Protein chains: 2
Amino acid sequence: MTGNRRRKRSGGRAGAADRRGTAAIEQMPWAPPINLDRPTEPLDEDGIAAIHDGAMRILEEIGIQILNAEAVEIFRASGGCAIDGDKVRMGRDFVMEQIAKAPPEWSVTPRNPARQITMGGRHMNFGNVSSPPSYWDMGLGRKVTGNREMCANLLKLSQYFNCIHFVGGYPVEPQDVHASVRHLDVLFDKMTLTDKVAHAYCLGAERVEDVMEMVRIAGGHSDAEFDSGPKMYTNINSTSPLKHDHPMLDGWMRLARRNQGLVVTPFTLAGAMAPVTMAGAVAQSIAEALIAVVLAQLIRPGAACAIGTFTSNVDMKSGAPAFGTPEYMRATQMTGQMARFYGLPMRASGVCAANVPDGQAMWETSNSLWSAVQAGAHMVYHAAGWLEGGLIASPEKFIMDCEILQQIQRYMDPMLTATGPDEIAIDAVREVGGQGHFFGIQHTQDRYTTAFYQPFLSDWRNYEAWESAGAVWTAARAHQTFHDIIASFEPPPMDEAIREELVDFVARRKAEGGAPTDF
Amino acid sequence: MTGNRRRKRSGGRAGAADRRGTAAIEQMPWAPPINLDRPTEPLDEDGIAAIHDGAMRILEEIGIQILNAEAVEIFRASGGCAIDGDKVRMGRDFVMEQIAKAPPEWSVTPRNPARQITMGGRHMNFGNVSSPPSYWDMGLGRKVTGNREMCANLLKLSQYFNCIHFVGGYPVEPQDVHASVRHLDVLFDKMTLTDKVAHAYCLGAERVEDVMEMVRIAGGHSDAEFDSGPKMYTNINSTSPLKHDHPMLDGWMRLARRNQGLVVTPFTLAGAMAPVTMAGAVAQSIAEALIAVVLAQLIRPGAACAIGTFTSNVDMKSGAPAFGTPEYMRATQMTGQMARFYGLPMRASGVCAANVPDGQAMWETSNSLWSAVQAGAHMVYHAAGWLEGGLIASPEKFIMDCEILQQIQRYMDPMLTATGPDEIAIDAVREVGGQGHFFGIQHTQDRYTTAFYQPFLSDWRNYEAWESAGAVWTAARAHQTFHDIIASFEPPPMDEAIREELVDFVARRKAEGGAPTDF
């Protein structure tokens, strides 16, 4: 069932092999998809109003704990909030007035401006798996603690695949690097191995400031240029139910002040940290998200904000989180409707509960990725590489997910549903008539190289050809592709002076002791 | 990576095991889904008009070969067609006038009336894989020729799973049974092992008449009762491009005369048997389908017809068919729009090109099944068990697909997106506040047994628990489930007199030599 033979295709591939030079695979070009589909909208107007009313009543009547004194003072100073210790409440008029200041669309420009991503409208952007403590690959055949090499390899995959549009958090936690300097090493790797939009964890002031500085250096920006618009972003999670923690809010406010991208994603598992009913879990998630958006707008009217969804359900037998379920899909779609109601860009995720990159992993991940499409999500976190509810990062899963992402990109190509005379092709039908086939005719010859999606991982050979080539299942093929990509990986170009400035910065901050680890 | 340990769950399952008695798994009840979603519609009005115009021009200007003299005479007698030898052309007004007689919704009632299925409206029905010549399971580990036992086992799965609503053709061709009597043996197995809607292949007059007779006997119907409305159905394929063969049309007309269900599904592989452009392939498919619907309406105005889509693309490198691709999804959605334009129920399929039930199999099958949902399809053929472009039937794939089908069924439960006060659950949020969790509160306790989808095959345990239980991948778990189901299978009840009548009928027809095999 396993095998690591390099996959070869017969017929017509020699030329392709020439064209692609040393590239490990033929992949689609960089082109973040434009979502052509009308969103799937399970809620009618009354349903949207009911979830909105629920979220507003949570903010008005129950309140959210804000475990950050500076943030509490900002809410107090606004004059629009009722403060009771660390609990903050606010009326719906105030909420709507503040979030109306948030732009419905904004962009993030990384060190390579060609890799700019846009949040809002019909734009879709996919990012790599972020934050698993553990790693699994088919070579190891077991779950191990993440280290810097694994992290760097996953960063290489994130750069390599054109269907990955931004680089989220650490694709796996490199636990062989001390926590005080981990952010310096990983950001150095991220800045030098990738040229895509990067992310900062909100894990204390020093880390946040260090990451902003490294992104500024990598982009060759002055402070003023850096502050002129988002060059990076953060994502914070509330501590559901109804709490925002100190470091998350601290980082959130730092990025707001410097005009960077702000994504808030409550982790509302229905039945555990939120009501067991999906609409209730979504309403609570919206309330927890919107209060962070209000805070950002109070700091910087017009701050670039997006709300995320991480509403799923638990396995009521074990309490374990479940992902990519029917409930997850519907929660994602409902959150999409609410994001449009509030005029805010939206984040979703590519997720699964499976422990290995098998059939279950693929149906759960397909469910979550397509529900992100159906929700009109603009940013899809963890879109490649996630296993075990986010506890494991896997390169095989990464590569299998990229096959799905490329298919989504292709699915959004307007060519597929074009209906001009050349596509209806009456003359071609007339030419072939009831005899023969369409392979040889000019209409086909003019189009066959681009007419159809060409997968890099799917094996479309018949059983006998597949068997004689080693009978390699998908995950094992992905394992070989992983090694091919890493072996041929070339980092994106970087000005040597900038690279040295990054090296110096990391060395200086390490000498200073990095970040405190007592949080 | 393999393993065949019987999967066990800890905690709370003992009671469930008691409740389910000897059943192999806990599954969802019989309840064909009602499709709540607005269809995904890539075509605007102009696009629909363009495909319609293309289909009509094919029928008006190019014509379809009708390789059945009786059918040609029916077209001639209608006075609305231009006949040139076996080529039949007709104007769009005539086409639209005839298909307007076809009912937009109709039902099929099998021997167990509780298993009635409805074609049209927002009804969805899923059927088993049909017609592969070969079989693969993990016990064998290789592709083998289908036989009667394999066929019977797949019929048992088709009966067992409540998410399978009708039984299509032979789930695998039992090539150990001579072709002259194969239909008698398989239909006997199908009639006795299942009580769901059955299908007849149009492979010659004797086979079609035998199957209708066996369905009539199994239902305990008189001839008049049988003819009073669909008790079964057939599916015919055109011989693309632009041809309908003799036996297919012969069976089609026989079922039309006896008021049974009629589904016509052109097999239009873009770039091979149809234009390389998807809209062109769909237009050709529509033309080939509609002429069969016209024929049925000429024979019996109001005949119960549906049009199917089997439009996909080929791998332009090898010419092999590809399935579950982005192009396939869009073709299915476009065909759904056209079916609604013509007011006809629609058939789609669950398909893949993968050779084994691995990751690729699941993303291709997920793509095809969800596109059927998005297209508003009423009948989804091959929804469980299909591999290698339909050349292989696999019980593991069958069971994995049923996990996806159950999720679609659950996804369509309005409960998931209900937004009444009990679902918004402000009081539950207030009760928990910022402390603790929702597990223990009454709102959760009242709902936790039904709040979330409970999979029978997905393993939601963490990695360590999964590993210590044998580290069994999805396909291997499905293999064990297959054996569990077969071991505990109990056929649906059948009146002994009816069973004897079937036995006698089969014996008599075998003594008469069955069906000729010179077609």
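Residues numbered from 1 in each chain as written. Chains lettered and ligands numbered in written order. Predicted model: local features only at pLDDT ≥ 70, side-chain atom pairs only at ≥ 80, totals over all residues. Heavy atoms only, no water.

Draft legend 1. Representation of the overall build of chain A within the structure. Counting its secondary structure elements, chain A contains 19 helices and 20 strands. Against the 2.2 N^0.38 benchmark of 24 Å for 519 residues, chain A shows a C-alpha radius of gyration of 24 Å, consistent with a compact globule. Its C-alpha atoms put chain A at 80 × 60 × 50 Å along the principal axes. A buried classification covers 66% of the 519 residues belonging to chain A. (Helix = DSSP H or I, 4+ residues; strand = E, 2+ residues; numbered from the N terminus. Rg over C-alpha atoms; globule rule 2.2 N^0.38 Å. Buried < 20%, exposed > 50% of the residue type's maximum accessible area, 1.4 Å probe, protein only.)

Draft legend 2. Local environment of helix 3 (residues 69-78) of chain A. Residues and elements named next belong to chain A. When we look at burial in helix 3, the residues that qualify are Ala-71, Val-72, Ile-74 and Phe-75. Along the axis of helix 3, the buried positions cluster into a sector of 160 degrees, meaning they face one direction only. Opposite its buried face, helix 3 presents the exposed residues Ala-69 and Ala-77, each directed more than 90 degrees away. Where helix 3 is buried, its residues touch strand 1 (64-66), strand 2 (81-84), strand 3 (87-90), helix 9 (246-257) and helix 10 (278-299). Sitting at the head of helix 3, Asn-68 places a side-chain oxygen 3.1 Å from the backbone nitrogen of Glu-70. After helix 3 finishes, the residue Gly-79 shows a positive phi value of roughly 75 degrees. (Arc of directions from axis to C-beta. Contact = heavy atoms within 4.5 Å. Polar contact = N/O pair within 3.5 Å; in protein donor to acceptor, adjacent residues only side chain to side chain.)

Draft legend 3. A look at a negative patch on the surface. Together, Asp-495, Glu-496, Glu-500, Glu-501 and Asp-504 of chain A make up a region of like negative charge exposed at the surface. Relative to the helices and strands, Asp-504 of chain A is located in helix 19 (residues 496-511). (Patch = residues over 30% accessible without salt bridge, like charges linked within 9 Å, V, L, I, M, F, W, Y side chains within 5 Å. Areas by Shrake-Rupley, 256 points an atom, 1.4 Å probe, with all protein chains shown as cover. Salt bridge = Lys/Arg side-chain N within 4 Å of Asp/Glu carboxyl O. Lys, Arg positive; Asp, Glu negative; His and termini not counted. Charge placed at Lys NZ, Arg CZ, Asp CG, Glu CD.)

Draft legend 4. Quick peek at the pattern of salt bridges. Under the definition given, this model contains 60 salt bridges over all chains. Here Lys-397 of chain B ties to Asp-401 of chain B by a salt bridge, and the two come within 2.8 Å at their closest N and O atoms. With a gap of four residues between them, Lys-397 of chain B and Asp-401 of chain B both fall in helix 13 (residues 395-411), about one helical turn apart. Note on Lys-397 of chain B: relative accessible area 0%, which makes it buried. Connected through salt bridges with shared partners, the residues Glu-213, Arg-216, Asp-223, Asp-227 and Arg-258 of chain A form a single ionic network.

Draft legend 5. Structural detail: the UniProt feature "transmembrane region" (unreviewed entry) in chain A. The UniProt entry lists residues 262-283 of chain A under the feature "transmembrane region" (unreviewed entry), expressed in the numbering used here. Note that residues 262-283 of chain A is 27% helix and 23% strand, and that its end C-alpha atoms are spaced 20 Å apart. (UniProt positions renumbered as here; feature names shortened; annotations may be inferred.)

Draft legend 6. Up close: the packing of helix 13 (residues 395-411) of chain A against helix 11 (residues 326-342) of chain B. Remark: helix 13 of chain A packs on helix 11 of chain B, axes separated minimally by 9 Å, with the N-to-C direction vectors making an angle of 45 degrees. Taken together, the axis directions place helix 13 of chain A and helix 11 of chain B in an arrangement best described as oblique. By crossing handedness, the relation of helix 13 of chain A to helix 11 of chain B is classed as right-handed. Across the interface between the two elements, Gln-407, Arg-410 and Tyr-411 of chain A from helix 13 of chain A touch Pro-326, Glu-327, Met-329, Arg-330 and Gln-333 of chain B from helix 11 of chain B. Considering only residue class, the contact of helix 13 of chain A with helix 11 of chain B consists of three nonpolar, two polar and three charged. (Axes fitted to C-alpha atoms, helices over the stretch in contact; angles between N-to-C directions. Parallel < 35°, antiparallel > 145°, perpendicular 65-115°, else oblique. Left-handed = near helix turned anticlockwise from the far one by under 90°. Nonpolar A, V, L, I, M, F, W, Y, C, P; charged D, E, K, R; others polar.)

Draft legend 7. Representation of the relation of the copies chain A and chain B within the structure. Overlaying chain A on chain B yields an RMSD of 0.0 Å, the required transformation being a rotation through 180 degrees with an accompanying axial translation of 0.0 Å. In the structure described here, the two chain copies are related by an operation that fits a two-fold rotation axis. Scanning chain A for the C-alpha nearest the rotation axis identifies Gly-359 of chain A, at a separation of 2.4 Å. Both copies share a contact surface, since 100% of the interface residues of chain A are interface residues in chain B too. (Least-squares fit on C-alpha atoms with pLDDT ≥ 70 in both.)

Draft legend 8. Representation of the interface of chain A and chain B within the structure. On the side of chain B, 125 residues touch chain A, which itself brings 125 residues to the contact. For the pairing of chain A and chain B, the buried interface totals around 10100 Å² over both sides, and the portion due to carbon and sulfur atoms is 63%. The tally of links between chain A and chain B comes to ten salt bridges. Close ionic contact of Arg-330 of chain A with Asp-37 of chain B constitutes a salt bridge, the shortest N to O distance being 2.9 Å. Here chain A and chain B share 48 residue pairs in polar contact (both at pLDDT 80 or more) between them. Ranked by the residues each element gives to the side of chain A that touches chain B, the list is headed by helix 12 (residues 359-375) of chain A, at nine residues. Of the residues that constitute the side of chain A that touches chain B, the class distribution is 59 nonpolar, 37 polar and 29 charged. (Buried area = accessible area lost by both parts, 1.4 Å probe.)

Draft legend 9. View of the sheet that holds strand 13 (residues 269-270) of chain A. All names here are of chain A. Strand order across the open sheet formed by three strands is 13-15-16, with mixed pairing between neighbours. If you trace the sheet from one side to the other, it starts and ends with strand 13 and strand 16 (321-322), each paired once. Inspection of the sheet shows strand 13 paired to strand 15 (residues 312-314) by two bridges, in the parallel sense. Counted as the bridge partner of Ala-270 is Asn-313 from strand 15. (Pairing = 2+ DSSP bridges.)

Draft legend 10. Quick look at the sheet that holds strand 15 (residues 312-314) of chain B. All names here are of chain B. Within the open sheet, the three strands sit side by side as 13-15-16. Their pairing is mixed. With partners counted over all chains shown, the strands left at the sheet margins are strand 13 (269-270) and strand 16 (321-322), one partner each. Across two bridges, strand 15 lies against strand 16 in antiparallel orientation. Within strand 16, the residue paired with Asn-313 across the bridge is Ala-322.

Draft legend 11. Quick peek at the environment of Ile-62 of chain B. By the secondary structure assignment, Ile-62 of chain B is in helix 2 (residues 45-62). You can call Ile-62 of chain B buried: its relative accessible area is 7%. When the C-alpha positions of Ile-62 of chain B and Lys-87 of chain B are compared, they lie 8.7 Å apart, and in sequence the two are 25 residues distant. Apart from residues no more than four positions distant in its own chain, Ile-62 of chain B is found in contact with Ile-426, Val-429 and Arg-430 of chain A together with Arg-57, Lys-87, Arg-89 and Leu-242 of chain B.

Draft legend 12. Structural detail: the packing of helix 3 (residues 69-78) of chain B against helix 10 (residues 278-299) of chain B. All names here are of chain B. Between helix 3 and helix 10, whose axes approach to 10 Å, the crossing angle comes to 75 degrees. One finds that helix 3 runs roughly perpendicular with respect to helix 10. For the pair helix 3 and helix 10, contact is made by Ala-71, Ile-74, Phe-75 and Ser-78 and by Ile-291, Val-294, Leu-295, Leu-298 and Ile-299, respectively.

Draft legend 13. Main features of the environment of Val-294 of chain B. Residue and element names in this part refer to chain B. Counting through the fold element by element, Val-294 comes out in helix 10. Considered as a pair, Val-294 and Met-96 are 198 residues apart in the sequence and their alpha carbons are 8.8 Å apart. If sequence neighbours within four positions are ignored, Val-294 has contacts with Phe-75, Met-90, Phe-94, Val-95, Gln-98 and Ile-99.

Draft legend 14. Spatial organisation of the nonpolar core. Membership of the largest hydrophobic core comes to 329 residues, with the highest contact counts inside it found for Met-90 and Phe-161 of chain A together with Met-90 and Phe-161 of chain B. Not counting the four nearest positions on each side in its chain, Phe-161 of chain B is found in contact with Ile-25, Gln-27, Lys-196, Phe-398, Ile-399, Cys-402, Phe-456 and Ile-485 of chain B. (Core = buried A, V, L, I, M, F, W, Y, C linked by side-chain atoms within 4.5 Å.)

Draft legend 15. How the structure looks around the state of the cysteines. The full count for this structure, using the stated rule, is zero disulfides over all chains. Cysteine Cys-202 of chain A is unpaired, with the sulfur of Cys-305 of chain A as its nearest cysteine sulfur at 12 Å. Exposure remark for Cys-202 of chain A: the relative accessible area of 3% places this residue in the buried category. Free cysteine Cys-163 of chain B: the closest other cysteine sulfur is in Cys-402 of chain B, separated by 3.7 Å. Classification of Cys-163 of chain B as buried rests on a relative accessible area of 1%. (Disulfide = S-S within 2.5 Å.)

Draft legend 16. Expanded view of helix 13 of chain B. Helix length check: helix 13 of chain B, at 17 residues, gives a terminal C-alpha distance of 24 Å against a target of 24 Å (1.5 Å per residue), a fit within 8%. Burial runs high along helix 13 of chain B: 17 of the 17 residues are buried. (Expected span 1.5 Å × (residues − 1).)

Draft legend 17. Spatial organisation of the packing of aromatic side chains. This structure, assessed with the given rule, holds 30 aromatic pairs over all chains. On the basis of an interplanar angle of 55 degrees and a centroid distance of 6.1 Å, the ring pair of Trp-136 of chain A and Trp-473 of chain B is categorised as tilted. Here the residue Trp-136 of chain A occupies a position in strand 7 (residues 134-136), and Trp-473 of chain B occupies one in the loop between helix 17 (463-468) and helix 18 (474-488), the pair thus bridging two chains. Trp-473 of chain B shares its class with Trp-136 of chain A; the two are buried. On the basis of an interplanar angle of 80 degrees and a centroid distance of 4.6 Å, the ring pair of Tyr-170 of chain A and Tyr-201 of chain A is categorised as edge-to-face. Residue Tyr-170 of chain A is located in the loop between helix 5 (148-160) and helix 6 (182-193), and its partner Tyr-201 of chain A is located in the loop between strand 9 (198-200) and helix 7 (205-219); the two are separated by 31 residues in the primary sequence. (Phe/Tyr/Trp six-rings, centres within 6.5 Å; stacked < 30°, edge-to-face > 60°.)

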